[in-house]
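Listed below, chain by chain, are the residues.
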Amino acid sequence: MLRVVDLSNAPAAGLAPLPGVVVGVGSGGQLAESQSWLGAATFTLTEDYCADRRVVTVASVPEALAELRARCERWPHASSVCDDVLRAVQPDAAALAGLVTESLAYSTLQAGPEFARWLAERGQAALPETADPVLAQRDSDTLRIRFNRPHRHNAFSTGARAALLEALTVAQLDPSVTAIALSGNGPSFCSGGDLAEFGTFADPASAHLARTRHSPALVLDALTARLGRSCRAEVHGRVLGSGLEMAAFCGYVEAQKDSVFGLPELSLGLIPGAGGTVSVTRRIGRWRTAYLVLSGRTIGADTALDWGLIDAIGVDAQRIAQ
């Protein structure tokens, strides 16, 4: 399921169509001499610092490969579909096309054996009620929107999606709103989709239509096109899954030092489903996006800033934005 290419001895032939997950490994001059392979691979690992967005620096290449191989063997369908989608999505194109591609793939995986296995292992789950999962407040020309499920680290529920979409639609229709600040109450910005809700969809086709016809991501994308850096996400704590995917659509992302970023969907037999194959890829490229999904690893604020996933950290962000 996982093919490893040593860049010191890379074959001259290129990758075949639909190659599956291909990870390059190399260091120093090997990286500089292997430009075609860097572009073609799912991503490349090195133990040296490298600013190239096609490359991920890890503490130990052998350990990272062992983890990746184990994950690709456990979730082969989701791993391959992730690679397919990231290669197919054109992040610089209109967001809708990418989100439709992502959602169709997500629905395919929802109907697959890996997600079914996760549901069986999870068992029954009770979803706690939240009266106001999202709070919106007008502050002069700024609309401040806050996730408000602090007891669940602002896990993103169906109710939260509907409330967020309503608030964003108001901003989209009101030209007097010239700035948006998206944040979260409690210890985290947003820890991703509420796992208690997973598996409650009526069928994959209906879930696809709900994701694409009622998408906060598309409205955030439109608002960022209009407002630029004035459409802001102010993140802290856990910034995972759909939380990261939505924040990345904003024109400016400010993170606190305690922020932790990741895309954990593979462990459910799924891929990002809230627009992350577009929004995260726009910021860090498909290669590092694939690494976050396939490895399941999280990164801290410093690495996120270095990669371009966020725009600033803490008080420096406030100063820069003024």
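Residues numbered from 1 in each chain as written. Predicted model: local features only at pLDDT ≥ 70, side-chain atom pairs only at ≥ 80, totals over all residues. Heavy atoms only, no water.

K.L.:
I'm lost on the overall build of the protein in this one. Help?
P.N.:
Each helix and strand in the protein was counted, giving 13 helices and 13 strands. By the compact-globule yardstick of 20 Å for 322 residues, the protein fits well, its C-alpha radius of gyration being 19 Å. Counting only C-alpha atoms, the protein reaches 60 × 45 × 35 Å along its principal axes. Sorting the 322 residues of the protein into buried and exposed places 52% on the buried side. When contacts within the protein are restricted to residue pairs at least 6 apart in sequence, those whose partners lie at least 24 apart make up 68%. Taking the 28 positively charged and 33 negatively charged side chains of the protein as two groups, their mean positions are separated by 2 Å. (Helix = DSSP H or I, 4+ residues; strand = E, 2+ residues; numbered from the N terminus. Rg over C-alpha atoms; globule rule 2.2 N^0.38 Å. Buried < 20%, exposed > 50% of the residue type's maximum accessible area, 1.4 Å probe, protein only. Contact = heavy atoms within 4.5 Å. Lys, Arg positive; Asp, Glu negative; His and termini not counted. Charge placed at Lys NZ, Arg CZ, Asp CG, Glu CD.)

K.L.:
I would appreciate a short explanation of the environment of glycine 184 in the present structure.
P.N.:
Residue placement: glycine 184 occurs in strand β7 (residues 179-184). Sequence separation between glycine 184 and phenylalanine 147 is 37 residues, and the spatial gap between their C-alpha atoms is 4.4 Å. Here glycine 184 is in contact with Phe147, Asn154, Phe189, Glu234 and His236, once residues within four sequence places are set aside.

K.L.:
Teacher, can you tell me more about the packing of aromatic side chains here?
P.N.:
To describe a pair of aromatic rings, one takes the distance between the centres and the angle between the planes. Summed over the entire model, instances satisfying the criterion amount to 5 aromatic pairs. Geometrically, the ring pair formed by phenylalanine 115 and tryptophan 118 is stacked, given 6.0 Å between the ring centres and 15° between the ring planes. A residue pair is termed a helical-turn pair when its members lie 3 or 4 positions apart in one helix, as phenylalanine 115 and tryptophan 118 do in helix α6 (residues 113-122) at 3 residues. Accessibility expressed as a relative area gives 1% for phenylalanine 115, which makes it buried. Under the relative-accessibility criterion, tryptophan 118 is labelled buried at 12%. (Phe/Tyr/Trp six-rings, centres within 6.5 Å; stacked < 30°, edge-to-face > 60°.)

K.L.:
Hey, could you run me through the confidence of the model for the protein in this one?
P.N.:
Predicted coordinates in areas of low pLDDT are best not read in detail. Across the protein, pLDDT averages 92, with 97% of residues at or above 70. In this model residues 316-322 is a low-confidence stretch, pLDDT under 50, and it forms 9 contacts with partners more than four residues away in sequence or in other chains. (pLDDT = per-residue confidence, 0-100.)

K.L.:
Explain the nonpolar core here, please?
P.N.:
If you look at soluble globular proteins, the nonpolar side chains tend to sit buried side by side. Within the largest apolar cluster, 82 residues are counted, with the highest numbers of intra-cluster contacts made by Leu45 and Phe261. Sort the elements by how many residues they give to this core and helix α11 (residues 276-295) lands first, with 9 residues. The next biggest cluster of nonpolar side chains, apart from the first, holds 8 residues, and it includes Val5, Trp37, Cys50 and Val55. (Core = buried A, V, L, I, M, F, W, Y, C linked by side-chain atoms within 4.5 Å.)

K.L.:
In this structure, what is going on with the state of the cysteines? I would like to understand it.
P.N.:
Within the structure shown, the criterion is met by 0 disulfides. The thiol of cysteine 190 is not disulfide-bonded; the next cysteine sulfur, from cysteine 250, is found 12 Å away. With no disulfide partner, cysteine 231 has as its closest neighbouring cysteine sulfur the one in cysteine 250, 4.2 Å distant. By relative accessible area, which is 0% here, cysteine 231 ends up buried. (Disulfide = S-S within 2.5 Å.)

K.L.:
Whenever I open this one, the sheet that holds strand β1 (residues 2-6) confuses me. Can you help?
P.N.:
Overall, parallel pairing links the 4 strands, which are arranged β1-β2-β3-β4 in an open sheet. Strands with a single pairing partner mark the edges of an open sheet, and in this sheet they are β1 and β4 (55-57). Direction aside, the axes of adjacent strands within the sheet are offset by 30° on average. Judged from the 3 bridges that link them, strand β3 (residues 43-46) and β4 form a sheet pairing that is parallel. Following the sheet pairing, threonine 46 is matched in β4 by threonine 57. (Pairing = 2+ DSSP bridges. Axes fitted to C-alpha atoms, helices over the stretch in contact; angles between N-to-C directions.)

K.L.:
Got a minute to help me understand the sheet that holds strand β13 (residues 312-313) in this structure?
P.N.:
The strands making up a sheet associate through backbone hydrogen bonding, with each pair oriented either parallel or antiparallel. Reading across the sheet, the 6 strands line up as β5-β6-β7-β8-β10-β13 and stay open at both edges, with mixed pairing between neighbours. In this open sheet, the two strands that pair with only one neighbour each are β5 (134-139) and β13. By the bridge criterion, 6 bridges tie strand β6 (residues 142-147) to β7 in an arrangement that is parallel. The residue of β7 that forms the bridge with threonine 142 is alanine 179.

K.L.:
Whenever I open this one, the side chain of serine 242 confuses me. Can you help?
P.N.:
If you trace the backbone, serine 242 turns up in helix α10 (residues 242-249). When sequence neighbours within four positions are dropped, the list of residues in contact with serine 242 reads Phe156, Cys190, Gly192, Gly193, Glu265 and Ala274.

K.L.:
I tried to follow the pairing of β3 on my own but got confused; where do I start?
P.N.:
Each regular strand carries side chains that alternate between the two faces of the sheet. Here β3 shows a buried face lined by Phe43 and Leu45 and a second buried face lined by Thr44 and Thr46. Note that strand β2 (residues 21-25) and β3 share 3 bridges and pair parallel. Bridging across to β3, valine 25 finds its partner in leucine 45.

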